[in-house]
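Here's the letter readout for the chains.
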Amino acid sequence: MTLPGYGLLKGMGVTLRQMFRKPITVQYPKVRETPVPRARGVIALDQEACTVCMLCARQCPDWCIYIEGHKEEQEPSKPGGRVRVRAELDRFDIDYALCMYCGICVEVCPFDALFWSPEYEYTEHNMDGMLHDMDRLQDWLATVPEPPGLQQ
Amino acid sequence: MTRTNEPDQTALTGEAAAQTGERPRRRTVDVWLTGTEEPDYTDEASQEFQPDDTERELAEQLGSVVDDDYFIEEQPQGDDERMIVNMGPQHPSTHGVLRLQIELEGEIIRRTKPIIGYLHTGMEKTAEDLMFMQGGTNVTRMDYLAPFHNELCYSLAVERLLGTDIPPRAQAIRILMTELNRISSHLVALATNAMDVGAISMMLYGFRDREQILDFFEKATGLRMNHNYIRPGGVAADLPPGWRADVTEILDTLPRRLDQYDAILEKNPIWVERTQNVGVVTTEEALAYGLTGPTLRATGLEWDLRKSNPYSGIEQYEFDVITGENGDVYDRYRIRVDEIYQSMNIVKQVTDTMPKGDYMTGDRKVAPPPRGRINESMEALIHHFKLFTEGFRVPEGETYAAVESPRGELGCYLVSTGGGKPWRMHTRAPSFYNIQGLPIMMADSLVADTVATIASLDPIMGDVDR
Ligand code: SF4
Ligand code: SF4
């Protein structure tokens, strides 16, 4: 039989000791944690690599990728050569208000046009702002770490 | 009071009001579609479909209707004064949006009725719209404190229909992740249970230590929660470099932290008084109501799907099934603490014996061709497209796969008609069944014990309502 109240005091001792330890809280805007290499922060698009195959838009479980494109004929590389047709993007929007960061689009893209970037500071006061157009998505490309994290 | 469809003659239209200078009054609207009278069942709680009197008796016997005798028919007399109190759905201690209708006699709870559905998002229906490969994104959001268990359960069901073999490394990774997930989930359960009884520091410590595990999850999968990491066929990516050191660090720090918890709670007279012999349930009752997990084991029955129905190669690892004696809140707390030790034990064994090899099945009908091959061969590219646009076909049939989630038996019943999407997916959500035990646990207990009892079941409303 222990002293009455001993258990209570023991617990309070733990709390007391904790008071003199360094807090583990990271004071966010002043101190920042470095995101892990695989972090799914924001999706970056490489417009050059994209062939407008629409695989990502079809596979997105939320249907939050909007793609439009057209075909463009290119000058043959040498005179008399074959005219090549290349698909050009007109619109590539990702609605981050809908996106659930599942990573399926990045995984399915067969031409390595989508990447995860660990950037996360793109909140908006207005929900419309969460729709990133293709230029904004292209800008994220500069923040993609090497080698791409979750990609196989 | 009767309500009619007749337009209210006294109401002024906007035009007339402008002339007379009076403020326009809103027209009264007939809210009862029946026209003249209020329907018989007007209280929100009678959610059950009410059959007419001839069928009623049969329906009651079949259990499809529960007689809702919550109306106090006669005027209460003398000491027999009863009061019905609603707790929730926005009560901080109901762990989400659970609503309890509690019938009180003074301080004593006579009857309780859990009312659910406030978080219903139709996830089982959504699953029918998603291909098997996408399904993981959906199920992982059901029980958001144990996302890996949901993914594993779904994947096991799909794989059982497919008949695919999973490489040993993928299986070991799955066990590693689910057991770590069990630890993190139990930490939250301890934290919230203690907080509901008033131990705020315990809440902070529990969440602090869970963070360490979530950091590892983030490193491995990219997200802290809702990972979509365990897929039909294996796991999405290999473990990150340096995972062994991270896991070892978790295993090293946790015992010290658990000692702290014991110091705070185990002998703490306030905690002991408020949890022992509170929310008691017997083995028979638990079995009759389908309660599983720590709630069932606290009654003394040694039932753990990891032992009785092993999955993903968990039978290779040694661990004990922890049981309690009294089936009360305190026992459930003890079981959670001890299960953390057992899970650490498993995690340690997995870390030591992690096999080498693939993390995804080599079956090309299920897994896409490797990245490198796409750039080299047109066939691989076509195959990649075909696999993702149509999804892999799962043979016709139905199956049930179950895993031991931190809350109990988590099952996935899957019907496929041979297409790329499930025809029907049903989840046997442990929280849903555990909540059914509340009325018996809380009968004739004190109001003050309510929050302790709810928290000890560790219900996740996302899991309950799906
Ligand atoms: S991460 Fe998932 S939800 Fe978001 S855009 Fe890609 S596929 Fe869609
Ligand atoms: S899958 Fe890749 S290549 Fe195809 S449209 Fe999407 S981003 Fe472009």
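Above this text sits the structure in question.
Residues numbered from 1 in each chain as written. Chains lettered and ligands numbered in written order. Predicted model: local features only at pLDDT ≥ 70, side-chain atom pairs only at ≥ 80, totals over all residues.

Draft legend 1. View of the site of ligand 1. In the vicinity of ligand 1, 13 residues are found, and the nearest of them are C60(A), C99(A), C102(A), I104(A) and C105(A). Among the residues making up the shell around ligand 1, the classes are represented as eleven nonpolar, one polar and one charged. (Near = placed C-beta within 6 Å. Nonpolar A, V, L, I, M, F, W, Y, C, P; charged D, E, K, R; others polar.)

Draft legend 2. Main features of the sheet that holds strand 2 (residues 65–74) of chain A. All names here are of chain A. Within the open sheet, the three strands sit side by side as 2-3-5. Their pairing is antiparallel. The two strands at the open ends of the sheet, each matched to only one other strand, are strand 2 and strand 5 (131–132). Here strand 3 (residues 84–95) runs beside strand 5; their pairing, made up of two bridges, is antiparallel. Bridged to I94 within strand 5 is H132. (Pairing = 2+ DSSP bridges. Helix = DSSP H or I, 4+ residues; strand = E, 2+ residues; numbered from the N terminus.)

Draft legend 3. The interface of chain A and chain B, seen in detail. Listed as interface residues are 29 residues of chain A and, on the opposing side, 29 residues of chain B. At the level of elements, helix 1 (6–19), helix 2 (55–59) and helix 3 (104–108) of chain A are the ones that each hand at least two residues to the side of chain A that touches chain B. Sorting elements by how many residues they give to the side of chain A that touches chain B places helix 1 of chain A first, with seven residues. When the residues that make up the side of chain A that touches chain B are grouped by side-chain class, the tally is 16 nonpolar, nine polar and four charged. (Contact = placed C-beta atoms within 7 Å.)

Draft legend 4. Geometry of the pairing of strand 3 of chain A. By the bridge criterion, ten bridges tie strand 2 of chain A to strand 3 of chain A in an arrangement that is antiparallel. Across the sheet, Y66(A) pairs through a bridge with D93(A), a residue of strand 3 of chain A.

Draft legend 5. Structural detail: the pairing of strand 4 (residues 114–117) of chain A. Residue and element names in this part refer to chain A. With burial as the criterion, each face of strand 4 is covered, one bearing L114 and W116 and the other bearing F115 and S117. Across four bridges, strand 1 (residues 42–45) lies against strand 4 in antiparallel orientation. Pairing of A44 across the sheet is with F115, part of strand 4. (Buried ≥ 20, exposed ≤ 12 C-beta atoms within 10 Å, placed from the backbone.)

Draft legend 6. Broad picture of the site of ligand 2. Inspection of the region around ligand 2 gives C50(A), T51(A), V52(A), C53(A), M54(A), L55(A), C56(A), I67(A), C109(A), F111(A), A113(A) and L114(A) as its neighbouring residues. Considering only residue class, the shell around ligand 2 consists of eleven nonpolar, one polar and no charged.

Draft legend 7. Broad picture of the packing of helix 6 (residues 168–197) of chain B against helix 13 (residues 329–353) of chain B. Residue and element names in this part refer to chain B. Axis separation between helix 6 and helix 13 bottoms out at 9 Å; the angle between their running directions is 155 degrees. By the angle between their axes, helix 6 is roughly antiparallel relative to helix 13. The handedness of the crossing between helix 6 and helix 13 comes out as left-handed. Contacts from A172, I175, L176, E179, L180, R182, I183, H186, A189, L190 and N193 in helix 6 reach Y333, R336, V337, E339, I340, S343, M344, I346, V347 and V350 in helix 13. (Axes fitted to C-alpha atoms, helices over the stretch in contact; angles between N-to-C directions. Parallel < 35°, antiparallel > 145°, perpendicular 65-115°, else oblique. Left-handed = near helix turned anticlockwise from the far one by under 90°.)

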